[in-house]
Amino acid sequence: MSIRQPSVLYVDDEEMNLTLFKITFQDKFQIHIARDGQEGLSLLQDKGRELDTVVSDMRMPGMDGVDFIAQAKEKFPHLRCFILTGFPSNEKVRSALKDQLIINSFSKPFDMEMIQKAVLNTAS
């Protein structure tokens, strides 16, 4: 009997970050990627019930990470969500933490071990 790997959606507009995340975690999680919030919402339409966790960059064109997560959680409240940001003192991120929209935020450049622990600790 195999244990199901956590299924993670990673949203980031930077191709290098998407590649790094996928390579780092492909053996530990089922990874799905999206290049912006709109693509993330489309992917959730198809796979939202299968996903456990969302890790999203904060600053992206069109829709920032908090806005993306707010829309995602409206349809899929079971998702456990995290934000990556180069600006940890961002008021919007602090507010999302206070309102429990996100579980935690991670500073860029991100610490892969910290992300892995957070995802595994919140996996059901």
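None of these values were measured; they are calculated from a predicted model.

Enquirer: What should I look at first to understand the nonpolar core in this one?
Expert: When a protein is soluble and globular, its nonpolar side chains tend to lie buried together. Residues Leu 9, Leu 44, Phe 68, Ile 69 and Leu 79 are the most contacted members of the largest nonpolar core, which totals 23 residues. Those elements giving two or more residues to this core turn out to be strand 1 (7-11), helix 2 (37-47), helix 3 (65-75), strand 4 (80-85) and helix 4 (91-98). Considering every element that reaches this core, the biggest residue donor is helix 3, with four residues. Setting aside residues up to four positions removed in sequence, Ile 69 forms contacts with Val 54, Ser 56, Cys 81, Phe 82, Ile 83, Leu 101 and Ile 102. Membership of the second largest hydrophobic core comes to 17 residues, among which are Phe 82, Phe 106, Ile 115 and Val 119.

Enquirer: Sorry if this is basic, but what is going on with unusual backbone geometry here?
Expert: Most peptide bonds are trans, and most residues other than glycine sit at a negative phi. The omega angle of the peptide bond from Lys 108 to Pro 109 is -5°, so this bond is cis rather than trans. Examined against the element boundaries, Pro 109 turns out to sit in the loop between strand 5 (104-107) and helix 5 (112-122). You will see that Gln 100, though not glycine, has its phi angle at about 60°, which is positive. The exposure class of Gln 100 is exposed, given its relative accessible area of 67%.

Enquirer: Explain the packing of helix 2 against helix 3 to me, please; I cannot follow it from the model alone.
Expert: Each packed pair of helices is defined by two parameters, the angle between the axes and the distance between the axes. Contact geometry for helix 2 and helix 3: axes closest at 10 Å, N-to-C directions at 15°. Judged by the angle between their axes, helix 2 and helix 3 are roughly parallel. Two packed elements cross with a definite hand, and for helix 2 against helix 3 that hand is right-handed. The segment helix 2 lies against helix 3, with Gly 37, Gly 40, Leu 41, Leu 44 and Gln 45 engaging Phe 68, Gln 71, Ala 72 and Lys 75.

Enquirer: Explain the packing of helix 1 (residues 15-25) against helix 5 here, please?
Expert: Running from N to C, helix 1 and helix 5 point in directions that differ by 65°, and their axes come no closer than 11 Å. As for how helix 1 packs across helix 5, the hand of that crossing is right-handed. Residues Leu 20, Phe 21, Thr 24 and Phe 25 of helix 1 lie in contact with helix 5, whose contacting residues are Met 112, Ile 115 and Gln 116. Looking at the contact of helix 1 with helix 5 residue by residue, the classes come out as five nonpolar, two polar and no charged.

Reading guide: rules and limits
- Residues numbered from 1 in each chain as written.
- Predicted model: local features only at pLDDT ≥ 70, side-chain atom pairs only at ≥ 80, totals over all residues.
- Heavy atoms only, no water.
- Core = buried A, V, L, I, M, F, W, Y, C linked by side-chain atoms within 4.5 Å.
- Buried < 20%, exposed > 50% of the residue type's maximum accessible area, 1.4 Å probe, protein only.
- Helix = DSSP H or I, 4+ residues; strand = E, 2+ residues; numbered from the N terminus.
- Contact = heavy atoms within 4.5 Å.
- Axes fitted to C-alpha atoms, helices over the stretch in contact; angles between N-to-C directions.
- Parallel < 35°, antiparallel > 145°, perpendicular 65-115°, else oblique.
- Left-handed = near helix turned anticlockwise from the far one by under 90°.
- Nonpolar A, V, L, I, M, F, W, Y, C, P; charged D, E, K, R; others polar.

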